[in-house]
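# Examination of the molecular architecture
Below, each chain spelled out in residue letters.
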Amino acid sequence: MNRLAISGGQPTRNSLLPYGHQSIDADDEQAVISALRADLITTGPTVDRFERAFAERVGARFAIAVSNGTAALHATMFAADVGAGNEVVVPTMTFAASANCVRYQQGTVAFVDVRDDTLNIDVETAIRAVNAKTRAIVAVDFAGHPAVTEDLRSFAKSRGICLIEDASHALGATMGGRAVGSMADMTTFSFHPVKHITTGEGGMITTNDPDLATKLRRFRTHGITTNHVDREKAGSWYYEMIDLGYNYRLTDIQCALGLSQLGKLDRWLARRRAIAARYTERLRSITAVRTPVVLPGADSSWHLYVIRLRLDQLSVDRGAIFSALRAENIGVNVHYIPVPWHPYYQNLGYAKGRWPVSEHAYDEVISLPMFPAMTDGDVDDVTTALEKVVNAYSRSC
Ligand SMILES: *Cc1c(COP(=O)(O)O)cnc(C)c1O
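Residues numbered from 1 in each chain as written. Predicted model: local features only at pLDDT ≥ 70, side-chain atom pairs only at ≥ 80, totals over all residues. Heavy atoms only, no water.

## Some details on the layout of surface pockets
Cut-off, in case you're wondering: As defined here, a cavity is a set of points on a 1 Å grid over the protein atoms alone where a 1.4 Å probe fits but cannot get out. A pocket is an open set with protein on both sides within 12 Å along at least five of seven lines, and residues line them when an atom is within 4 Å of a point. Grid points are joined across faces, edges and corners, and a volume is the space filled by probe spheres set on the points. Numbering of helices and strands runs from the N terminus, with a helix taken as a DSSP run of H or I at least four residues long and a strand as a DSSP run of E at least two residues long. All residues other than Ala, Val, Leu, Ile, Met, Phe, Trp, Tyr, Cys, Pro, Asp, Glu, Lys and Arg, Gly among them, are scored as polar; the first ten of these are nonpolar and the last four charged.
The computed volume of the largest pocket comes to approximately 450 Å³. The wall of the largest pocket is formed by 20 residues, among which Thr43, Asp48, Arg220, Asn227 and Asp230 lie closest to the centre. Looking at the lining of the largest pocket, the elements that each hand over two or more residues are helix H2 (45–58), helix H7 (210–220) and helix H8 (228–234). Within the lining of the largest pocket, the residues separate by chemical class into five nonpolar, seven polar and eight charged. Taken together, 24 residues make up the lining of the second largest pocket; nearest its centre are Phe95, Ser168, Ser190, Lys195 and Tyr336. Counting residues per element, the ones that place at least two in the lining of the second largest pocket are helix H3 (69–79) and helix H4 (97–104). The greatest single-element share of the lining of the second largest pocket, amounting to three residues, is contributed by H3. When grouped by side-chain class, the residues that make up the lining of the second largest pocket number nine nonpolar, twelve polar and three charged.

Here it is as structure tokens:
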């Protein structure tokens with residue numbers, strides 16, 4: 001009766017539920033139209049307004065808007081003076097960009113393993129990986145769970161190492177009551193459509209350090225000291241390019257969308273938290289599934305809801321469960337392939353097998369759909385499909 005869709009049965013849903021999706025309302029559209037009608041459609045006043053509102057939201061002194069989250073990471077590597085001969089500690093369980101930014105600056109990536117519960121960087125392992133060449137540590141807030149601990153902060157500070165938080169997943173998350181974006185030396189965010197708020201493509205860096213903020217701003221626009229508005233105001237044509245920067249600017253059009261989206265963040269965070277709570281409640285009885293761990297003091301922003309399969313209770317591997325869920329029209333995903341396993345890093349000589357926790361977790365993880373517009377009925381479809389698939393493949397004797 002409950003034949004799996006992958007074996008010709010009726011799928012749990014008639015249409016695919018994606019794993020993530022943006023929410024764009026009429027007021028977002030209106031904000032973009034207004035920005036299009038303004039005098040300046042890039043590097044105008046809306047960039048400033050978005051940066052100020054964002055900084056205030058995360059409790060940071062400065063926010064610098066850039067063209068995407070990867071550009072944000074690249075800028076932090078530049079500001080931290082990463083270069084050839086330097087090392088940067090990066091966890092394996094992340095998107096490739098968290099490590100690639102080190103390579104853009106010719107630095108060496110020192111990949112470290114993650115802790116088994118949150119899949120965030122293992123602080124003790126990270127500390128052991130630090131040597132005289134270490135310039136920075138990147139802590140990635142996996143799935144939205146804050147990764148920066150007091151131990152990591154005080155260690156980095158005592159050794160003069162720059163602590164960078166890749167908070168692409170963690171806008172709105174807090175740790176010990178402190179907002180992500182206010183804790184590390186520099187924190188990066190992404191506004192890709194699957195993230196908490198979107199500008200199409202976009203990114204932000206926050207910092208409390210005025211010198212870093214100045215370097216980041218320059219890097220965003222060719223390493224040039226002034227912007228065109230300031231030059232016009234001063235009635236001057238003169239400018240200097242003092243660093244090799246890039247064009248990593250975000251347009252006023254995009255910042256108008258970002259500002260409009262930011263106003264809805266709290267509502268969306270509440271919805272993500274409610275979806276996570278419903279998943280956890282409904283998955284409690286499925287013993288072949290482990291639900292995500294939240295550490296005391298942490299408030300996750302739930303970018304992703306990542307389950308772990310207990311493979312010893314199943315007759316098939318993660319790939320088969322994944323395919324069966326997709327056939328049920330549940331848009332599951334996998335986060336992440338350990339970054340050093342990618343051919344680019346394999347060709348640089350990173351042998352597999354050195355990061356046992358993440359390499360083992362990779363076999364077990366499945367990301368369930370998670371976005372604010374999901375209804376309770378959508379959540380229930382996911383757990384119903386998961387139960388159906390797991391029961392069909394359970395190793396019961
Ligand atoms: C999305 C993401 C990025 C890159 O952001 P883009 O805006 O897509 O460039 C970097 N790191 C992590 C962990 C991400 O999830």
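## What to know about the sheet that holds strand S6 (residues 174–175)
Let me state the cut-off plainly: Pairs of strands are assigned from DSSP output, requiring at least two bridges between the strands.
Strand order in the open sheet formed by three strands is S7-S6-S11, and the pairing between neighbours is antiparallel. Strand pairing shows two members of the sheet lacking a second neighbour, strand S7 (178–179) and strand S11 (298–299), which therefore form its edges. Bridge count between S6 and S11: two bridges; the pairing is antiparallel. Considered in S11, the bridge of Thr174 is made with Asp299.

## Observations regarding the pattern of salt bridges
Note the following rule: The rule for a salt bridge is simple: a side-chain nitrogen of Lys or Arg has to be within 4 Å of a carboxyl oxygen of Asp or Glu. Relative accessibility under 20% of the residue-type maximum defines a buried residue, over 50% an exposed one, and the middle range a partly exposed one, all with a 1.4 Å probe and only protein chains included.
Applying the stated criterion across every chain yields a total of 23 salt bridges. In this structure, Asp117 engages Arg115 in a salt bridge whose closest nitrogen and oxygen atoms are separated by 2.7 Å. On the basis of relative accessibility, which here comes to 28%, the residue Asp117 falls in the partly exposed class. Here Lys388 and Glu328 are joined by a salt bridge, their closest N and O atoms 2.9 Å apart.

## Structural notes on the site of the ligand
To keep it simple, the criterion reads: For this purpose, a residue is taken to be near a molecule or strand whenever a single non-hydrogen atom of the residue falls within 4 Å of it. In the analysis that follows, any N or O atom pair within 3.5 Å is treated as a polar contact, provided that within protein one partner can donate a hydrogen and the other can accept it, and provided that, for residues neighboring in sequence, both atoms belong to side chains. Areas reported here follow the Shrake-Rupley algorithm with a probe of radius 1.4 Å; residue values treat only the protein chains shown as occluding. Think of it this way: if more than half of a molecule's atoms are within 2 Å of a pocket's grid points, that molecule is in the pocket or cavity.
In the region of the ligand, 15 residues are neighbours, and Gly69, Thr70, Asp166, Ser190 and Lys195 sit closest. The separation between a nitrogen atom of the ligand and a polar side-chain atom of Ser168 is 3.3 Å. Lys195 places a side-chain nitrogen or oxygen 3.0 Å from an oxygen atom of the ligand. Coverage of the ligand by the protein chains reaches 92% of its 380 Å² of free accessible surface. When atom positions are compared with the pocket grids, the ligand is found to occupy the second largest pocket. For the shell around the ligand, the secondary-structure elements that each account for two or more residues are H3 and H4. Among the elements that take part in the shell around the ligand, H3 stands out by supplying three residues, more than any other. Tallied by class, residues from the shell around the ligand come to four nonpolar, nine polar and two charged.

## Thoughts on the side chain of Thr198
Within the secondary structure, Thr198 sits in the loop between strand S8 (186–190) and strand S9 (203–207). Assessed through its relative accessible area of 3%, Thr198 is described here as buried.

## What to know about the pairing of strand S12 (residues 305–309)
Burial within S12 is extensive, with five of its five residues counted as buried. By the alternation rule, side chains of S12 split into Tyr305, Ile307 and Leu309 and Val306 and Arg308, which are all buried. Here S12 pairs with strand S13 (residues 365–368) via four bridges, running antiparallel. Paired with Val306 across the bridge in S13 is Ser367.

## Section: the packing of aromatic side chains
Filter applied, for reference: Here a pair means two rings of Phe, Tyr or Trp (six-membered ring of Trp) with centres within 6.5 Å. Their orientation is stacked below 30 degrees between planes, edge-to-face above 60, and tilted elsewhere.
Inspection of the entire model under this criterion finds 18 aromatic pairs. Taking 5.7 Å as the distance between ring centres and 70 degrees as the angle between the ring planes, the aromatic pair formed by Phe54 and Phe191 counts as edge-to-face. Separated by 137 residues along the polypeptide, Phe54 in helix H2 and Phe191 in the loop between S8 and S9 bring together distant segments of the chain. Phe191 shares its class with Phe54; the two are buried.

## A short note on the nonpolar core
Test applied: For our purposes a nonpolar core is just a set of buried Ala, Val, Leu, Ile, Met, Phe, Trp, Tyr and Cys residues, chained together by side-chain atoms within 4.5 Å. Residues count as neighbours in contact if any of their non-hydrogen atoms are within 4.5 Å of one another.
Formed by 44 residues in total, the largest nonpolar core has its most connected members in Phe50, Phe54, Ile137 and Phe189. If you list the elements that add at least two residues to this core, you get H2, strand S1 (62–66), strand S3 (108–112), helix H5 (123–128), strand S4 (134–140), helix H6 (150–159), helix H9 (252–262) and helix H10 (265–283). A per-element tally of this core places H2 first, with five residues. With residues up to four places along the chain from it excluded, the contact list for Phe50 reads Phe191, Ile197, Thr199, Met204, Leu250, Cys255, Gly258, Leu259 and Leu262.

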